[in-house]
Every structure is written in C-alpha cells, then in structure tokens.
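A closer look at the structure
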Number of protein chains: 2
Amino acid sequence: MAMKKKPVTGMKDILPREMEIRDYAIGLIKETYRTFGFTSIETPAVEHIENLSSNQGGENEKLIFKVMKRGDKLAAAARSMAQDYSEHKEKGDFDAAQEDGADGSGRAGDVNTAGLSDSGLRYDLTLPLSRYYSNNASVLPSPFKALQMGNVWRADRPQRGRYRQFMQCDIDILGEPGIIAEIELITATTTLLGKLDFSKFTIRINDRRILKAMAAYSGFGEADYDSIFIILDKMDKIGLDGVKAELLESGYAEDSVEKYIRLFAALSPTVDGLRFISNELGEYLDENIARDLETIITSVEGVKSADFRMEFDPTLVRGMSYYTGPIFEISMDEYGGSVGGGGRYDEMIGKFTGQATPAVGFSIGFERIIMLLLENDFQVPGAEVKKAYLIEKGMPADKLCRIMELAKQEREKGIIINTSIMKKNKKFQKEKMEEEGYTEFVEFYTDREF
Amino acid sequence: MAMKKKPVTGMKDILPREMEIRDYAIGLIKETYRTFGFTSIETPAVEHIENLSSNQGGENEKLIFKVMKRGDKLAAAARSMAQDYSEHKEKGDFDAAQEDGADGSGRAGDVNTAGLSDSGLRYDLTLPLSRYYSNNASVLPSPFKALQMGNVWRADRPQRGRYRQFMQCDIDILGEPGIIAEIELITATTTLLGKLDFSKFTIRINDRRILKAMAAYSGFGEADYDSIFIILDKMDKIGLDGVKAELLESGYAEDSVEKYIRLFAALSPTVDGLRFISNELGEYLDENIARDLETIITSVEGVKSADFRMEFDPTLVRGMSYYTGPIFEISMDEYGGSVGGGGRYDEMIGKFTGQATPAVGFSIGFERIIMLLLENDFQVPGAEVKKAYLIEKGMPADKLCRIMELAKQEREKGIIINTSIMKKNKKFQKEKMEEEGYTEFVEFYTDREF
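Residues numbered from 1 in each chain as written. Chains lettered and ligands numbered in written order. Predicted model: local features only at pLDDT ≥ 70, side-chain atom pairs only at ≥ 80, totals over all residues. Heavy atoms only, no water.

1. Regarding the overall build of chain A
Looking only at helices and strands, one finds 15 helices and 16 strands in chain A. Overall size of chain A, expressed as C-alpha extent along the three principal axes, is 95 × 70 × 45 Å. At a minimum sequence separation of 6, the contacts of chain A that also span at least 24 residues come to 71%. Counting every atom, chain A has about 19,300 Å² of accessible surface; 47% of that belongs to carbon and sulfur. Here chain A holds 59 positive side-chain charges and 74 negative ones, and the gap between their average locations is 8 Å. (Helix = DSSP H or I, 4+ residues; strand = E, 2+ residues; numbered from the N terminus. Contact = heavy atoms within 4.5 Å. Areas by Shrake-Rupley, 256 points an atom, 1.4 Å probe, with all protein chains shown as cover. Lys, Arg positive; Asp, Glu negative; His and termini not counted. Charge placed at Lys NZ, Arg CZ, Asp CG, Glu CD.)

Take a look at the structure:
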C-alpha cells in the first residue's frame, strides 16, 4: 500500500530553514527567562479528558483531539455505545434534529461517543500547569516561576498560517499575590522581544475589575457583563459608534449605554486616563486597583530596554473567563493582531487543590513570532563557518581515517564539517551546498596526498 | 467537580531539576550534531493511522494511541460501527472467543472500532522521517542529514522508569549509500556521549547480511531466519549453550544447529573475528560487506575522542525488520541494557516514494541517558550566579522602579535575579531558595535607602 505523504490535515512538516530560527528563538527564550528566575517544566501532551472538559478552556474545549481508550476498556465502551444506539433507534428517538457533536459534548449526531475516550491532547499550557502545580506543589519553590514551551493541539478549521499543532510559550508566577509578578512577567517578555529585534510594539493593559466596575457604574446588571464585553471587544474593528449601536441593538437600556460610551470617549490610553477613570468610578472601584495598574505601567516603562509603548486600554477584554485581575496583550504594527497576552487568574489553581493560589501568566504567540522572523528574513546571529568535504568514491580506509581526523579537529573548533561523496556533477553539488550556507569546499582524491 | 491531579497513566510531570539537565542535554546534542552537518527538522506528533499501521513499526503498531475522528465523520463512523455490531449480534456471531484488540487491528473484542480513528500519536521518529522526506525531498539537500528530537507515545504496560510518553533523539542520513554515512553517525554519537561525560561504553556492530549469510551457510532455510534470530538475540542472557538448546527444541536440524553454534564459538569480537567469518563463509557472503564493516570499525576507532570500545558482534540482531545492512547498538556497563542503536534501512523510503533511497540512522536513548545523568547527580557545567532580591511588602512605586533597574543591570550580565516579596519567616524563605541554588541575597526595605 502506498503511504500518505502529506502530514495530517492542518499540521505541518517544519523545514530546516524555519527550524534553524525556531531553535535559535527557543534557546534565546530559555536563556532570557532564566535570568528572571524562571525554571523550565514540562507536562505530558496527553491530559485526562475530565480535566480538559472542565469548563476552564472556553471555546477550546470544542476543539479537543480525543484519544481513544485501549484494549478491554475500549471494547466495553464501544459495546455499550452500540447497545445504547440500538435501543434508542428502536424507540425511534432519532427523529428530531440532532446536535452535530462540534460542541465537545461527546454526542456526535445521534451517537454518544463520549465514553470511548479517556484522554485528549492538551489545547493550552495553562490547564496542565494548574494540574502540575496541584500535583507537585510540596516540592516546588514558593512563589513558583515556571517556563513552559510545548506543543498544543486544536481541531480548528484549517486556514492559512494557523495550524492544528502549534507551540506555546508561557511564563507563569504562582503564589505571588502582588503586582511584582505582573511587572516581572511583562519586563521579561518585552526584554525577550527586544533581543529578537522587535521594536515599536505596544503592551496594552487593563484589569478585569475595572471592566466590571465600568459596567456596574453605567448601570448594567452583572449577568449581562460577559455579553457586553464581547461587544466591547470589537472596539478596534467597529469603533465606539459601532459598539454603541450593537449594545442598543442587543436591547440594553439607552441611558446605561450612553453613560458607558461617554466614559470610553473621555478616556486617554495613559496613566492620566487611569487616574480619570479611578476618580470617575468612585466607590465602584477600589482605588488600589487603578493605582496598582499605574505602578505596573510606570515600573515597566521605567526599566524598558526595548522600544515599545505601554498603554492603558479600558476596552481590552481577553476572552478567557478565568482572569481575575490585570490583563495584558502585545500588539505589533507590522502584524495586525495580538502576538501574546496574559493576565492574573487567582481562582483556577484552587479548583484543583481546594486551596486558593494566586497566579499570573504571560504567553507569547511563538508561531506568529517565528512567522514574522521568517517574513523579515531574520538571520541567526553568529552562525558558524560551514565547510564541505567532498570525498572521491572508493577512498581507501587509511586515507578515510585521515579525513575523519581532519574533520574532528575542525569540529572541535566549532566549525561545521559536512562530509559527502563527490558526485559526477561536482559543480551542481557545490551550488546546492552553497544554497545550504556552505562557503568553503575541500576536495579529497584517492590518488592525491593530503 | 474536583479535577484529577496526577498525569494520565504512564506519563509524567517533569520537575525543574530534571528539566535543567534535559535542557542542557538538548542544547549539547543540537550543538554537537550541528558540527557534523545535521540540520534539525520536526514532524507533527499526530500521523495518519494508515501510515502508522503499515507494518513498518513492528510490535509498536500494537501500542498506538489512536486519535478519534471529529464532527460528522466521527458520527458517521460511530453509527456504522454500532449498526455492524447490532447485525452481527443478531446473527449470533459473537459466540466464539474473540481477539482482545491488543493487536492493533482495531477489533476490540466483538466490536470493530477501527473506523473511529483517522490518526494516532507517532510511536517513533523513523516512520515520520520517511513520510517527511517523501513529502519534501525536492527542497532538501542530498544527502540529507536530519536531526530529530521529539516525543513519541506508546501505550506500553506502565513500569518503573518506562513511560508512555518519552523523547527520542535520532540522526539519519538519507541518500548516501556508502559507509561514510555509518562512520559519521557513529562518530557523532560517540562524540556526544563523551561530551556528556560518559566513558567505558561499547558500540557493538554487525550487518544484517552477515546474520543471514551465517544462517544460510549453516543450512537453515530463509523462511526460518526471523525465528532463528529471535533465539540468537537471547545470547547475552542464555549463552551459547542456551541458544543451541532452544534451536534444537524448536526442531531445527541438528547438523545445521551444530554448524551454526561452532561458527559463533570460533569468533572473537574483533576485526580478526570479522576476517575469520569472511573467510569461513566464502561465497555465502560478499567480501565487501565484511571489509566495509572493518573500515567502519577502524575509522571510528581511529578518530575517537571518548573512552569506548568498538566490537564486532555477530549475535547482534536489532528487532526491526526494516534493517538492510550494518546495524549497531550502544551498551553501557553502568546500565544493563542498550542506550541507543540504529542501522541501515535502504528500502523503507522507497515504500513512500516509489524510488529507492539509501538511509541509515542512529537513535540515542534520550530518557535513559537523562536517567543516568540524574542518578550520577550530574552538575550542569558553567551554571550562572543565582541571586535573590527580597523586597519588603508595600514598596513605593519609585523605589520599586529602582530595584527593577538594578535587576535589569545584573540580568544583562547573565546573572539570574529572582525577585520575591519578603515573607514573615525570612530565614525559612532563604533556606528554601538556597535549595534552589540561590547563593546571594539582597534585602530591600521600604524605609531604607538603596
């Protein structure tokens, strides 16, 4: 049987040129974050299906690659599923329209396949980190500063530039309730981006509690917050008037909408804007929250080594419901979207451990950063000398040994030595190797001394 | 719902201490293999189920973690499976004893679950490399020297020290038919092991064609070779007499067994042994095969930089049926088993591409090497200065800014600075940080100048 040559749908083979940049970036990330006291950790790619489906993952829970049970457990589950299906079919239960199974429920149309799977591929690194921390907290330092670099998988609709397997790169600080954690996370991330030659990017920051206070101040009910924030989140696309129109269309009280929109209109994306909102919201907002956000902004700005702006952005929402405090996002002019973000999620770890643990994390969009570096034809700095040894076919053992000895000596100096048998079309062979970055060629013939 | 804290069965969380060694080893592997002209590549963790089940993977095909289809395709497959089950049940097809599904057939007892899955987690890096090469050969250099480091998954019975997710580290040379490929692979691997401070290990080498010629010379039929080699493979456990007894028990002709055993008894694990066998086998073995093996041994020995032995081992079998030429394995005195191995597999790539491509690979047992380094309390060389800043709670913004500036300056020098809020029990806090390798402490108080 001929085998399938292409990778599975939505995933990709990584070619040497991209891999060189990835390896360089991974090394730089580890080195940079290390100086901030972060330690690498790793969790398995496969997680319990119960954990993945625990409502911490938002929309991602609909995109899980589920792993089937094995052996007897699979047999029992499949038999039970088949019997359940037959019984319902006999009763005529399947006349009504059925769900399509894309909701992560495990019900695929008229068949309930949930029992067939006991695990799945992780869709992010945050949920596994929570499990890891609750499993290992007793042997981990406190606060615990973790660096994770690893692949995650999402069965998203395949589209250009977005893949179903991609690398995430997260730093998290667990066990530190104060803003020093936020300051360190943002400083570490911006330092890294600077080292990767990025400039003129913007860190936008907000706080989930300011978001809520602005909604409360305007007179919206708490039950409506999430729907309101989904509309607010479109600000950069549809503008203030668009947000206003959508809020009114959705049936929210006109005076609340007016009050809410006026607040945003009066705000500047600066520390002044933050002070204004703190004054304006009065008792709706603990003044420490605005002051802490100001301290984060001034501290990060104060020590910055890369060329970026930091902005207070009251329209920043961040999708995940688990955020509880400051939230932040990186945007780049040269890329029309977020290349990273994060925030404080003080309640998630407690769901595993039963004991509340403050936590804050920052994730960079590793794949987008690699894509930008590739597009900018990024050159890995300090690349080594690449030398090719072309060896005539039939080289006797003693001479071959001498060639290997030469190669050894040069390799010990860090020079890349690529040995190949000389081809008939030597010119073409050299040209191809030049494309791979080989700049020096040494030829060895069976009948010549060297 | 309380979540599950432990990783899924048979997989593990990697703690900071182990991760430090892993990161160091990964860096060293990439750096060392780079100087031999290998380039990093990566393939997706998920592969087509058809490829994984194509009989290239041997026993591993029974250990696949299968990934379920999604959406409508899953619904259709599940429905079809349920109907098939009901029909067979009505007919009473399930009275006889059933297979248990552990054979990779997809049939789990009385239910055929094969259609539910369209992909699975890779169980090695060799099959994905073949697919990768056939998919990308037109843009890859020739010969192509690939380095792969990545996780693989096998649903093995969980046991101490063996995990269901583990990292593999393979180097392969595709497109080079000559022994220069073998010499480079073995030299690269032994150079790496030397840099990791391993010594007194042994590289055992044999050739599948010598294995076969010895069996033919002794009068065994070709159909019996695989069964004979399985018995031969037990030599290190049961000895020459044990092998002889098992061969006789299995019913092979006594004179063949005698002749075969006499051959092994007469052999020394040296170049002399190789010459002896070449003479003895006469027309059963192309003399170039033994001479090539001799050249590999003398070349590798000639340039070795680590302290190891190289042995000709006529009893070395290597399990995988895809090997076609030289095969090799690393054993270590301090570890009672193989810590790596490989060989030539000239026919595998052709199964994808339809065009024969010579190939040879060497895989090191990454997890075993890490385990040995951990057991030997390996210290990562050149570790940086680790300094802790302890900051009194309530530090005003301007002073905090100055602390961050100090941290910045030290981090730029490569010093690891870990900032934390001072705890009530400062002594205990410092002791814990000392355990993490922090040797210097700087304390910042709100009411003191710094």
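2. Some points on the interface of chain A and chain B
Facing 115 residues of chain A, the contacting portion of chain B comprises 115 residues. Viewed at the interface, chain B and chain A are joined by ten salt bridges. Close ionic contact of A:Lys4 with B:Glu50 constitutes a salt bridge, the shortest N to O distance being 3.3 Å. Our enumeration of links across chain A and chain B arrives at 49 residue pairs in polar contact (both at pLDDT 80 or more). Counting residues per element, the side of chain A that touches chain B draws most heavily on helix α3 (residues 71-90) of chain A, at twelve residues. Of the residues in the side of chain A that touches chain B, the class split is 50 nonpolar, 32 polar and 33 charged. (Salt bridge = Lys/Arg side-chain N within 4 Å of Asp/Glu carboxyl O. Polar contact = N/O pair within 3.5 Å; in protein donor to acceptor, adjacent residues only side chain to side chain. Nonpolar A, V, L, I, M, F, W, Y, C, P; charged D, E, K, R; others polar.)

3. A closer look at the pattern of salt bridges
Scanning the entire structure with this criterion turns up 62 salt bridges over all chains. B:Arg309 is the partner of B:Glu311 in a salt bridge, and the nearest nitrogen-oxygen pair spans 3.4 Å. What you see here is one network of salt bridges that share partners, running through A:Lys12, A:Glu18, A:Arg22 and A:Glu367.

4. Structural notes on the relation of the copies chain A and chain B
Overlaying chain A on chain B yields an RMSD of 0.0 Å, the required transformation being a rotation through 180 degrees with an accompanying axial translation of 0.0 Å. What the superposition gives is, in effect, a two-fold axis relating one chain to the other. Of all interface residues in chain A, 100% are interface residues in chain B too; the two copies therefore contact each other through one and the same surface. (Least-squares fit on C-alpha atoms with pLDDT ≥ 70 in both.)

5. Comments concerning the environment of B:Lys387
Residues and elements named next belong to chain B. Among the secondary structure elements, Lys-387 is positioned in strand β14 (residues 386-391). With 54 residues separating them in the primary sequence, Lys-387 and Phe-441 have C-alpha atoms 5.8 Å apart. Residues within four places of Lys-387 in sequence aside, it is in contact with Glu-410, Ile-415, Ile-416, Ile-417, Asn-418, Tyr-438, Glu-440 and Val-442.

6. Some thoughts on the sheet that holds strand β11 (residues 326-332) of chain B
Sheet strands pair via backbone hydrogen bonds, and the direction of the pair is either parallel or antiparallel. All names here are of chain B. Strand order in the open sheet formed by eight strands is β1-β7-β8-β13-β12-β11-β9-β10, and the pairing between neighbours is mixed. Each having just a single partner strand, β1 (39-40) and β10 (308-312) make up the two edges of the open sheet. When β11 meets strand β12 (residues 335-344), the two strands line up antiparallel, connected through six bridges. The residue bridging Phe-328 from the neighbouring strand is Gly-342, located in β12. (Pairing = 2+ DSSP bridges.)

7. Describing the sheet that holds strand β16 (residues 440-444) of chain A
Residues and elements named next belong to chain A. Within the open sheet, the three strands sit side by side as β15-β14-β16. Their pairing is parallel. Edge positions in the sheet fall to β15 (416-421) and β16, since each of these pairs with one other strand and no more. Between one strand axis and the next, the sheet turns through 20 degrees on average, direction left out of account. In this structure, strand β14 (residues 386-391) lies alongside β15, joined through six bridges in parallel fashion. (Axes fitted to C-alpha atoms, helices over the stretch in contact; angles between N-to-C directions.)

8. Quick notes on unusual backbone geometry
Following A:Ser142, the chain continues into A:Pro143 via a peptide bond in cis, with omega recorded as -5 degrees. Along the chain, the position of A:Pro143 falls in the loop between α4 (126-136) and β7 (144-153). The phi torsion at B:Arg318 lies on the positive side, around 60 degrees, for a residue other than glycine. For B:Arg318, the position within the fold is in the loop between β10 and β11.

9. Details of the packing of helix α6 (residues 208-217) of chain A against helix α10 (residues 271-281) of chain A
How two helices sit against one another is set out by the angle between their axes and by the gap between those axes. All names here are of chain A. Viewed as axis vectors pointing N to C, α6 and α10 meet at an angle of 45 degrees, and their least axial separation amounts to 11 Å. Taken together, the axis directions place α6 and α10 in an arrangement best described as oblique. Along this stretch, α6 crosses α10, giving a crossing that reads as left-handed. Where α6 approaches α10, its residues Ile-210, Ala-213, Met-214 and Tyr-217 are matched on the opposing element by Leu-274, Ile-277, Glu-280 and Leu-281. (Parallel < 35°, antiparallel > 145°, perpendicular 65-115°, else oblique. Left-handed = near helix turned anticlockwise from the far one by under 90°.)

10. Focus: a negative patch on the surface
A surface patch of like charges, here negative, comprises A:Glu87, A:Glu90, B:Glu87 and B:Glu90. Looking at where B:Glu87 falls in the secondary structure, it is placed in helix α3 (residues 71-90). The exposure class of B:Glu87 is partly exposed, given its relative accessible area of 46%. (Patch = residues over 30% accessible without salt bridge, like charges linked within 9 Å, V, L, I, M, F, W, Y side chains within 5 Å. Buried < 20%, exposed > 50% of the residue type's maximum accessible area, 1.4 Å probe, protein only.)

11. Describing helix α9 (residues 254-265) of chain B
All names here are of chain B. The terminal C-alpha atoms of α9, which comprises twelve residues, lie 16 Å apart, in line with the 16 Å expected from a rise of 1.5 Å per residue. Listed as buried for α9 are Ser-256, Val-257, Tyr-260, Ile-261, Leu-263 and Phe-264. Buried residues in α9, looked at end-on, bunch into an arc of 150 degrees, giving them a common side. In α9, the exposed positions that point more than 90 degrees away from the buried face belong to Glu-254, Asp-255, Arg-262 and Ala-265. (Expected span 1.5 Å × (residues − 1). Arc of directions from axis to C-beta.)

12. What to know about the pairing of strand β15 (residues 416-421) of chain B
Residues and elements named next belong to chain B. Burial analysis of β15 places six of its six residues in the buried class, which makes it a mostly covered element. The alternating pattern of β15 places Ile-416, Asn-418 and Ser-420 and Ile-417, Thr-419 and Ile-421 on opposite faces, both of which are buried. Crossover connection from β14 via helix α14 (residues 397-412) to parallel β15: handedness right-handed. (Right-handed = clockwise from strand over helix to strand, strands pointing away.)

13. A few points about helix α8 (residues 235-249) of chain B
Compared with an ideal rise of 1.5 Å per residue, which puts 15 residues at 21 Å, α8(B) spans 16 Å between its outermost C-alpha atoms and falls more than 12% short. Helix geometry: α8(B) is bent most strongly at B:Asp241, by close to 75 degrees. (Bend = angle between axes of the 7 residues up to and from the residue.)

14. Brief notes about the nonpolar core
A:Tyr33 and A:Tyr260 are the most contacted members of the largest nonpolar core, which totals 116 residues. The residues contacting A:Tyr33, other than those within four sequence positions of it, are A:Phe38, A:Leu147, A:Cys169, A:Ile171, A:Ala188, A:Thr189, A:Leu192 and A:Ile364. Membership of the second largest hydrophobic core comes to 114 residues, among which are B:Ala25, B:Phe36, B:Phe144 and B:Phe352. (Core = buried A, V, L, I, M, F, W, Y, C linked by side-chain atoms within 4.5 Å.)

15. Some points on the confidence of the model for chain A
Mean pLDDT for chain A: 91, with 96% of residues reaching 70 or above. Both confidence scores are given for the complex: pTM 0.93, ipTM 0.92. (pLDDT = per-residue confidence, 0-100.)

16. Remarks on the packing of aromatic side chains
Residue and element names in this part refer to chain A. Tallied over the entire structure, the rule returns 30 aromatic pairs over all chains. With centroids separated by 5.0 Å and ring planes inclined at 40 degrees, the aromatic side chains of Phe-328 and Phe-362 adopt a geometry described as tilted. Here Phe-328 is found in strand β11 (residues 326-332), whereas its partner Phe-362 is found in strand β13 (residues 359-364), with 34 residues between them in sequence. Accessibility expressed as a relative area gives 2% for Phe-362, which makes it buried. Against the face of Tyr-438 rests Lys-386, its NZ or CZ located 5.0 Å from the ring centre. (Phe/Tyr/Trp six-rings, centres within 6.5 Å; stacked < 30°, edge-to-face > 60°. Lys NZ or Arg CZ within 6 Å of the ring centre and 35° of its normal.)

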